[in-house]
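The primary structure of each chain is shown beneath.
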Amino acid sequence: VEALHGRINVDWTPGNGTTFTLTLPLALTSSHGLLVRVSDQVLAIPLSAIERITAVAPQEVVSLEGYDTVRSNGRPLTLVRLSDILDSPRANTQQDDAPVPVVILSAAERHIAFAVDELVGEQEMVMKGLGRQLKRVGGIAGATVMGSGEVVLILNAVDLIRLATRGERRSVFESS
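No experiment lies behind these values; they were computed from the predicted model shown. Numbering of residues starts from 1 in every chain and runs along the sequence as written. Local features are withheld for residues below a pLDDT of 70 in this predicted model, meaning they are given only at 70 or higher, and side-chain atom pairs are given and counted only at 80 or more; totals for whole chains, interfaces and linings count all residues. Where side-chain values are given, they derive from all heavy atoms of the structure, hydrogens and water being excluded.

### As for the overall build of the chain
- Secondary structure elements are taken from DSSP: a helix is a run of H or I of four residues or more, a strand is a run of E of two residues or more, and numbering for both begins at the N terminus. Scanning the chain from N- to C-terminus turns up two helices and 13 strands.
- Within the span of the chain, comprising 176 residues, buried residues form 34% of the whole.
- When contacts within the chain are restricted to residue pairs at least 6 apart in sequence, long-range pairs at least 24 apart make up 57% of them.
- A 1.4 Å probe and the Shrake-Rupley method give the accessible areas. Residues count as covered only by the protein chains that appear here. Entry remark: accessible area of the chain is about 10,700 Å², with carbon and sulfur atoms responsible for 50%. Note on exposure labels: buried denotes an accessible area under 20% of the residue type's maximum, exposed denotes more than 50%, and partly exposed covers the range between, all computed with a 1.4 Å probe on protein chains only. Residue contacts are defined here by distance: any two heavy atoms, one from each residue, within 4.5 Å place the two residues in contact.

Structural data, given as structure tokens:
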């Protein structure tokens, strides 16, 4: 609680017991997140922003207006590699015809499919803001500390979708 800049109050009444009151800053929120590996980094995506998780084989990807596109629930979705959006190097673990894990994010009536290197698991997480200095870092909503002590960045779905619709794109299956 101290590390999160909160406090603990203890009230004791003889014969009635003890009451512990934990107070945490409003900047902290708790939610479930999907842990994904992008390059060599584990990141978290809030489950509330995830529409669907799937795997896409290279033959399922078509080019539409110059962009990689997949079909989900009968509608075309732009497919981008999350490492490209976050300006991280691409992992070289992809086999030529192996399916790629894909997380379809939904925010503000917009949907985009993001290819990741690996689905790591699901985790309950307490999100802590990044502070004023890092508040404007695109695509990042905050951070959480895992039980192992590892700090994991929590992604912001709205920012990721906005970033994915800008700039040049490489094919998801193009090698590094």
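### A look at helix H2 (residues 157-164)
- Along H2, the residues classified as buried are Ala 157, Asp 159, Leu 160, Ile 161 and Ala 164.
- On its buried face, H2 sits against strand S8 (75-81), helix H1 (82-85), strand S9 (100-107), strand S10 (110-115) and strand S13 (151-155).
- If you check the start of H2, you find a side-chain oxygen 3.0 Å away from the backbone N of Val 158, and it comes from Asn 156. By the criterion applied in these results, polar contacts are pairs of N or O atoms within 3.5 Å in which, for protein atoms, one can donate a hydrogen and the other can accept it, and in which residues neighboring in sequence qualify only through two side-chain atoms.

### Here's the deal with the sheet that holds strand S7 (residues 67-72)
- Spatial strand order, S5-S9-S10-S8-S7-S6: six strands in an open sheet with mixed pairing. The two strands at the open ends of the sheet, each matched to only one other strand, are strand S5 (50-56) and strand S6 (62-64). Shown here is a sheet whose adjacent strand axes are inclined to one another by a mean of 40°, direction ignored.
- Relative to S10, S8 runs parallel, the two being bridged by three bridges. The residue bridging Leu 79 from the neighbouring strand is Ala 113, located in S10.
- Axes, fitted as lines to C-alpha atoms, cover a helix only where it is in contact. Angles between the N-to-C directions of the axes lie from 0 to 180 degrees. Across the sheet, H2 touches S8, S9 and S10, and the angle it forms with S9 is around 105°. Here the rule is simple: two strands pair whenever DSSP picks up at least two bridges between them.

### Focus on the pattern of salt bridges
- A pairing counts as a salt bridge when a side-chain nitrogen of Lys or Arg comes within 4 Å of a carboxyl oxygen of Asp or Glu. Applying the stated criterion across every chain, the model contains four salt bridges.
- With its nearest N and O atoms 2.4 Å apart, the salt bridge here joins Arg 75 to Glu 51. Of this pair, Arg 75 sits in strand S8 while Glu 51 is found in strand S5, placing the two residues 24 residues apart along the sequence.
- A residue is classified by how much of its surface remains accessible, and Glu 51, at 30% relative accessible area, is partly exposed.
- Asp 117 is the partner of Arg 81 in a salt bridge, and the nearest nitrogen-oxygen pair spans 3.2 Å. In this pair, Arg 81 is assigned in strand S8 and Asp 117 in the loop between S10 and strand S11 (118-127), connecting sequence segments 36 residues apart. Here Arg 81 and Asp 117 have matching classes, each one buried.

### Notes on the side chain of Ser 39
- For Ser 39, the location among the structural elements is in the loop between strand S3 (29-38) and strand S4 (41-46).
- Given a relative accessible area of 15%, Ser 39 falls into the buried group.
- Those residues within four positions of Ser 39 in sequence are excluded, and the remaining contacts are Ser 83, Ser 88, Pro 89, Arg 90, Ala 91 and Asp 117.

From the geometry alone we can't say anything about function, so treat these as descriptive.
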